[in-house]
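One letter stands for each residue in the lines below.
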Amino acid sequence: MTPNIESADNPPTKPSRLGTAVERHAMIMAAVSVALILVSGILVMIALRPTGGPRLTIILIIAAGAWLAWSRSLRKVRRRKKILAAPFPVEWETVLQRDVAFFRALSAADKLRFRNELKIFLGEKMITGIRTDIDTRTRVLVGASAVIPIFGFPQWEWDQINEVLVYPARFDHDYSLAGDGGHQNILGMVGTGAMNRIMILVKPDLIQGFKNAGDKRNVGVHEFAHLVDKSDGVIDGIPAVGLSREAAGPWIELVRRKMQEISDRESDINKYALTNEAEFFSVVSEYFFERPDLMERKHPELFSMMQKVFRQDLKSRLQDIRREMSTGKKKFGRNSPCPCGSGKKYKKCCLSKM
């Protein structure tokens with residue numbers, strides 16, 4: 001049973017369900033590696049038996065090899081357990097409470113799971129600034145952008161990405177920054193070819209996406225939605241991970257109709273969605289997570305399909321989401337209740353620790 005924990009001062013001491021899939025896979029790989037080494041060692045001993053080879057030396061080599069294979073296979077599990085056992089940083093909690101309406105609208109148990117997924121992503125992926133510093137706010141918002149789209153998949157592994165590059169300004173297709181000449185209008189990009197497993201996000205646009213929670217735009221969610229789409233190996237606007245084979249046909253037809261509505265100027269969906277089906281999916285993903293109430297009212301069929309795609313029942317949380325969006329960005333004075341939920345004043349809790 002997941003404990004009901006709200007405070008960053010009382011973090012989980014044991015891994016959540018997030019670790020089970022990784023542990024199971026690692027254990028299987030470790031067992032296979034050890035079995036292969038043992039079988040190979042036995043075959044070598046059988047082959048050397050007629051010659052009276054150094055059996056003790058071979059046994060020691062086999063044992064050492066088996067132990068090394070077991071240890072290396074479980075290295076990721078040990079590292080992840082260490083990440084999950086660490087206290088949740090109070091400065092991360094402050095960013096979530098101030099900037100991430102999606103997080104604030106979650107139940108206490110789901111907030112705990114969100115924190116754990118955030119710790120895993122930021123603990124295992126590189127966030128690198130290009131001509132800009134990576135402050136706490138930027139780092140946490142990159143992680144939140146990754147967690148939000150896959151929150152309906154508790155066992156999700158971000159195998160499609162190793163590093164996020166953060167640019168200080170918009171860039172062009174040659175990765176030239178604003179001020180370097182040319183036409184720099186790209187807010188984010190999922191890398192391909194030599195840039196495979198790398199994402200680029202523009203810092204000001206990343207922050208603005210969370211600062212204005214009601215504009216239906218969030219470049220972080222947009223780019224990570226592309227990777228959700230890519231989970232079947234190709235970015236084509238058909239997110240197979242959340243759609244059954246039977247649902248693919250109705251989804252394609254729905255996309256066609258919605259793109260026609262945009263083309264006919266009969267839709268409030270950003271016209272960038274007309275670029276192609278893949279961009280349509282990422283654009284409506286921004287809409288879905290930023291303004292689920294508006295999508296549910298104006299595009300009920302699309303809203304219902306997006307809930308299936310991401311396996312998230314936002315309809316049951318619309319009231320909480322509306323409340324958090326209406327409050328806007330939370331501001332904390334020294335004497336305000338601490339955002340971590342400890343019940344203490346901000347100056348005597350997270351502020352003092354920061």
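Residues numbered from 1 in each chain as written. Predicted model: local features only at pLDDT ≥ 70, side-chain atom pairs only at ≥ 80, totals over all residues. Heavy atoms only, no water.

(A) Quick peek at a positive patch on the surface. A cluster of basic residues, R72, R75, R78 and R79, forms a positive patch on the protein surface. Tallying contributions element by element places helix α3 (residues 75–85) first for the positive patch, with three residues. By the secondary structure assignment, R78 is in helix α3. A residue is classified by how much of its surface remains accessible, and R78, at 44% relative accessible area, is partly exposed. (Patch = residues over 30% accessible without salt bridge, like charges linked within 9 Å, V, L, I, M, F, W, Y side chains within 5 Å. Areas by Shrake-Rupley, 256 points an atom, 1.4 Å probe, with all protein chains shown as cover. Salt bridge = Lys/Arg side-chain N within 4 Å of Asp/Glu carboxyl O. Lys, Arg positive; Asp, Glu negative; His and termini not counted. Charge placed at Lys NZ, Arg CZ, Asp CG, Glu CD. Helix = DSSP H or I, 4+ residues; strand = E, 2+ residues; numbered from the N terminus. Buried < 20%, exposed > 50% of the residue type's maximum accessible area, 1.4 Å probe, protein only.)

(B) Molecular detail of the environment of M306. Looking at the secondary structure, you find M306 in helix α13 (residues 300–310). Sequence spacing of M306 and P292 is 14 residues, and the spatial spacing of their C-alpha atoms is 9.8 Å.

(C) Molecular detail of the side chain of K125. Looking at the secondary structure, you find K125 in the loop between α6 (108–124) and β1 (126–129). Despite its burial, K125 remains without a salt bridge, the nearest opposite charge being carried by E124 at 5.2 Å. A polar contact of 2.9 Å, which involves the side chain of K125, links it to the backbone oxygen of I161. Beyond its immediate chain neighbours, meaning those up to four positions away, K125 contacts W158, I161 and N162. (Polar contact = N/O pair within 3.5 Å; in protein donor to acceptor, adjacent residues only side chain to side chain. Contact = heavy atoms within 4.5 Å.)

(D) View of the packing of helix α11 (residues 277–290) against α13. Closest axis-to-axis distance for the α11/α13 pair is 11 Å, and the angle between their directions is 95°. Taken together, α11 and α13 sit at an angle that is classed as roughly perpendicular. Together, F281, V284, S285, F288 and F289 of α11 and L302, F303, M306, Q307, V309 and F310 of α13 make up the contact between the two elements. Taken together, the residues of the contact of α11 with α13 break down into nine nonpolar, two polar and no charged. (Axes fitted to C-alpha atoms, helices over the stretch in contact; angles between N-to-C directions. Parallel < 35°, antiparallel > 145°, perpendicular 65-115°, else oblique. Nonpolar A, V, L, I, M, F, W, Y, C, P; charged D, E, K, R; others polar.)

(E) Spotlight on the pairing of strand β2 (residues 163–167). Here β2 lies mainly inside the structure; five of its five residues are buried. Every second residue of β2 is oriented toward a common face, with E163, L165 and Y167 on one face and V164 and V166 on the other, all of them buried. Of the crossover connections in this fold, the one passing from β1 over helix α7 (residues 136–147) to the parallel β2 is left-handed. Judged from the five bridges that link them, β2 and strand β4 (residues 198–202) form a sheet pairing that is parallel. Pairing of L165 across the sheet is with I200, part of β4. (Right-handed = clockwise from strand over helix to strand, strands pointing away. Pairing = 2+ DSSP bridges.)

(F) Representation of the nonpolar core. Ranked by internal contacts, the top residues of the largest apolar core, which has 68 residues, are F114, F121, W158 and V164. In terms of residue count, α11 provides more of this core than any other element does, seven residues in total. Leaving out residues up to four positions away in the same chain, F114 has contacts with L96, F102, F103, L106, A144, V147, I148 and F151. Ranked by size, the runner-up nonpolar core spans ten residues in total, among them L165, F171, M195 and V202. (Core = buried A, V, L, I, M, F, W, Y, C linked by side-chain atoms within 4.5 Å.)

(G) Focus on helix α8 (residues 203–211). For α8, every residue scored as buried is listed here: K203, D205, L206, I207, G209 and F210. On its buried face, α8 sits against α4 (90–99), α7, β2, β4, α9 (219–229) and α11.

(H) Looking closely at the sheet that holds β1. Taken in spatial order, the four strands line up as β1-β2-β4-β3 in an open sheet, and their pairing is mixed. Among the strands making up the open sheet, the edge pair consists of β1 and β3 (188–190). Mean inter-strand twist for the sheet, computed between neighbouring axes without regard to direction, equals 20°.

(I) Looking closely at the pattern of salt bridges. Considering all chains together, one arrives at 18 salt bridges under this definition. Among the ionic pairs, D99 bridges to R137, the shortest N-O distance being 3.0 Å. With D99 in helix α4 and R137 in helix α7, this pair connects stretches of sequence that are 38 residues apart. For the salt bridge of R256 with E253, the shortest nitrogen-to-oxygen distance reads 2.7 Å. On the criterion of helical spacing, the pair formed by R256 and E253 is a turn pair, its members being three residues apart in helix α10 (residues 245–263). Classification of E253 by relative accessible area gives partly exposed; the value is 34%. What emerges from the salt-bridge pattern is a single network uniting R104, D320, R323 and E324.

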